[in-house]
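Summary of structural features
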Amino acid sequence: MRTSSALHSPHLFFLPKSTPFAITRHSFSLPAKILCIQGKLAAFELDGSLSLKPAAATLLIAEKEEVKAVLALFLKRQGLSNTTVAKTISKSDLFLECLVSRLHVLHETCDLAGRELTNMEIRDALNPYLEALLLQHGDTFIDMIEHFPRPPPEVKSSLQSTPLELDLDQKKLPGVVIDSQRPKAMARVSETIPAEELPLHVIYLIELGLDLEKVRVITRKFPSFAYYSLEGKVKPLVEFLLELGVPKSEIPNVLYKRPQLCGFSLSENLIPTMKHLEELGVNKHRWSKLILRFPNLLTYSREKINSTVSFLEEMGLSKETIGKVLTRYPHIVSYSIEDKLRPAVQYFSSMGVDVAAIMQRWPQIFGLSIDGSLRPLVEFFLEKGYSMEEVAAMTSRSGSLYTISLSKNLLPKWEFFLYMGYSRSDLVKFPAYFGYSLEGRIKPRYALTELCGVRLMLNQLLSLSDISLDKTLKAKMKKMEKSNG
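Summarised in this report is the structure supplied together with it.

Cut-off values and rules
- Residues numbered from 1 in each chain as written.
- Predicted model: local features only at pLDDT ≥ 70, side-chain atom pairs only at ≥ 80, totals over all residues.
- Heavy atoms only, no water.
- Helix = DSSP H or I, 4+ residues; strand = E, 2+ residues; numbered from the N terminus.
- Buried < 20%, exposed > 50% of the residue type's maximum accessible area, 1.4 Å probe, protein only.
- Contact = heavy atoms within 4.5 Å.
- Areas by Shrake-Rupley, 256 points an atom, 1.4 Å probe, with all protein chains shown as cover.
- Core = buried A, V, L, I, M, F, W, Y, C linked by side-chain atoms within 4.5 Å.
- Patch = residues over 30% accessible without salt bridge, like charges linked within 9 Å, V, L, I, M, F, W, Y side chains within 5 Å.
- Salt bridge = Lys/Arg side-chain N within 4 Å of Asp/Glu carboxyl O.
- Lys, Arg positive; Asp, Glu negative; His and termini not counted.
- Charge placed at Lys NZ, Arg CZ, Asp CG, Glu CD.
- Bend = angle between axes of the 7 residues up to and from the residue.
- Polar contact = N/O pair within 3.5 Å; in protein donor to acceptor, adjacent residues only side chain to side chain.
- Expected span 1.5 Å × (residues − 1).
- Arc of directions from axis to C-beta.

Here we come to the overall build of the chain. The helix and strand inventory of the chain stands at 23 helices and 4 strands. For the chain, the proportion of its 485 residues judged to be buried stands at 46%. Long-range contacts, defined here as pairs at least 24 residues apart, represent 67% of the contacts in the chain between residues at least 6 apart. For the chain, the accessible area works out to roughly 24,500 Å², and carbon and sulfur atoms hold 52% of it.

The structure is reproduced here in C-alpha cells:
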C-alpha cells in the first residue's frame, strides 16, 4: 500500500483494520476502509492505495448534523426520552464521525466537493447499520455509542450467536437485517429445497396462501423470519388474528405487510399494546379492519403511541376524538411529530385553518410533505386569483384536496371547471368537486344537463345520486316548460 503524508497529520483520527468493533457484544469492529481526517475523507481504493478526496468543511458539518438527526430519531424510536437522547448525542462525537465516514465509503461516487448526500441516502445507509448494532449489542448499545471506539466500561452477557434460537419478543426491531444471517436464512427458503423440507412455519404459511416467493422477499429483508417457530410464534399469531375477525384469506397480506408481527410475543407485547390503545379510545370491535389497514400499529412502542396521543391532545382534540382518529387512520402514529405533524400543524395554522377540525376529518394530510404537496396546492389557487382566506375555507371543507395530484388530476379538472362556466366562488363553496372523476362523473353529468337545457348548482351536479339527479332534472325541465308555456 502506498503511503501518504496525510497519515502524519496531527489532526488525524485513525482506526486501523485491527480495531475490534462488531464481532461480539464485548468488542467492536469498524468497516476496514474508513479513515476520518479533519476536513478530508480518506478511503482505500480497490488496489489498496489511499485516496484523499477534498470535502468542503461546510458540507461535512452539514452531513454530520444530518447524521446526528438520524441517530437521534433512531434512539427515540427505541423509547429513549428527549433528554437521554440529547445526553447520548453530546457524548457521541467519535461515533458520529465514524458514521459520516461510513456514508462516504458507501457513496464513493458522490462528488464530495460539490454535492451533499440527500437525507434519503443518509437514512437508507445508516438505519440498517444502526439496527444491526442494536440487535448485536443489546443493553450496551448506548454505552457503545458514548464510549466509541473503546469498549463500554460494563459489559453484560452477549446474545447467542446462532440465529436458530433467536427470540425477539422483547426487541424493538424484530427481524432486523443482519448481513451475516441473510445467506443462511435465504438458503432455508430456497426454491431448490423440496417443499416438504422447508421450515414447518413456511409450509404452514404457504398452505395459508402466502406463496414462497413472498416468503423469500420477507426473508431477504428480515433474515430472522426464516427461523421463527411454528408452534411458538407463527401459528398462535394466525389463530389470534382469526379470533379478532381477520379473514383467513387476508392473513397472508397482513403478514407480508408486517412480518415482524411474528417476532412479537402475544402475551407480553401485542395484547398489552391493544389494551392500551383501547384505553386511548380505539374501537375494540374494529380491530380486524384496523389490522388489515395498518398492521404496523401493533408493533409500535407504548411511548411512541403516547407521544402521538399527547400531541393530538396538545392540538385540542378530545379523548373521544383521538380514539376515532386512531381507529379511522392508525397511520397517524407512524408520523414523526417533529418532522411531519408539527410542521404541518404550523403550516395550516399560518393559513388560518382550524387545525383540530381538519385533523378529525382528514388526518392523512398531516403526513404529506409541505414542499411537495401542501405548499404547491396553496400556491396553485393563489396564482388563480383566490385569496388565502378562500384557500383556507376550501381546506376546511375538503382537506382531501391535498392528496390529489396537481398535474394529473387537479389541473385537468380546473380547466374543465372553467369550460363549464361556473362562478369561481362555487369552488370555495364546493371544493369537493376535485374529488370526483372527470371522465366518469363530471363530464357525463355536465353533458346530460346541457342536453336537458338545465343549469344545476355545482354541488347538485355531482353529489346527487343518479336517481335524485334524474328527479331533479325532470322537475326543472317541467318547471321550465310551465314558465315558457
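So, next bit.
As a further point, take the nonpolar core. By size, the foremost hydrophobic cluster in this structure holds 96 residues, and its most contacted members are Phe-348, Phe-366, Tyr-402, Met-420, Tyr-433 and Leu-458. It is helix α15 (residues 337-351) that contributes the most residues to this core, 7 residues altogether. Here Tyr-433 is in contact with Lys-413, Phe-416, Phe-417, Met-420, Leu-427, Ile-442, Leu-458 and Leu-462, once residues within four sequence places are set aside. Val-70, Phe-74, Leu-103 and Leu-130 belong to the second largest nonpolar core, which has 26 residues in total.

A contiguous patch of positive charge on the surface is contributed by Arg-286, Lys-289, Arg-293 and Arg-328. Residue position: Arg-286 is located in the loop between α11 (266-279) and α12 (287-293). Assessed through its relative accessible area of 33%, Arg-286 is described here as partly exposed.

Counting across every chain of the model gives 9 salt bridges. Note that Lys-68 and Glu-65 form a salt bridge whose closest N and O atoms lie 3.4 Å from each other. Highlighted residues: Lys-68 and Glu-65, both in helix α1 (residues 57-77), separated by 3 residues, approximately one helical turn. Residue Lys-68 is classed as partly exposed on the basis of its relative accessible area of 25%. Exposure remark for Glu-65: the relative accessible area of 43% places this residue in the partly exposed category. Between Lys-474 and Asp-470 there is a salt bridge, and its shortest N-O distance comes to 3.2 Å. Pair noted here: Lys-474 and Asp-470 are both in helix α23 (residues 466-484), with a separation of 4 residues, about one helical turn. Using a relative accessible area of 37% as the deciding quantity, one classes Asp-470 as partly exposed.

Along helix α17 (residues 370-383), the sharpest kink reaches roughly 30 degrees, centred on Pro-376. Looking only at α17, the buried set comprises Ile-370, Leu-374, Leu-377, Val-378, Phe-380 and Phe-381. Against the buried residues of α17 lie α15, α18 (388-397) and α19 (406-420). Between the side-chain oxygen of the N-cap and the backbone nitrogen of Asp-371 there are 3.4 Å, and the N-cap of α17 in question is Ser-369. Directly after α17, the chain includes Gly-385, whose backbone phi takes a positive value near 105 degrees.

Under the 1.5 Å per step criterion, the end-to-end length of α23 is 27 Å for 19 residues, consistent within 8% with the ideal 27 Å. Among the residues making up α23, those that are buried are Leu-469, Thr-472 and Leu-473. Across the axial projection of α23, the buried residues extend over an arc of 100 degrees, all falling on one side. In α23, those exposed residues whose orientation departs by more than 90 degrees from the buried face are Ile-467, Lys-471, Lys-474, Lys-478, Glu-481 and Lys-482. Where α23 is buried, its residues contact α21 (438-452) and α22 (458-463).

To continue, consider the side chain of Thr-299. Turning to its location among the elements, Thr-299 is positioned in the loop between α12 and α13 (302-315). For Thr-299, the side chain forms a polar contact with the side chain of Arg-258, separated by 2.9 Å. The contact partners of Thr-299, leaving out residues within four places of it in the chain, are Arg-258, Leu-261 and Phe-264.

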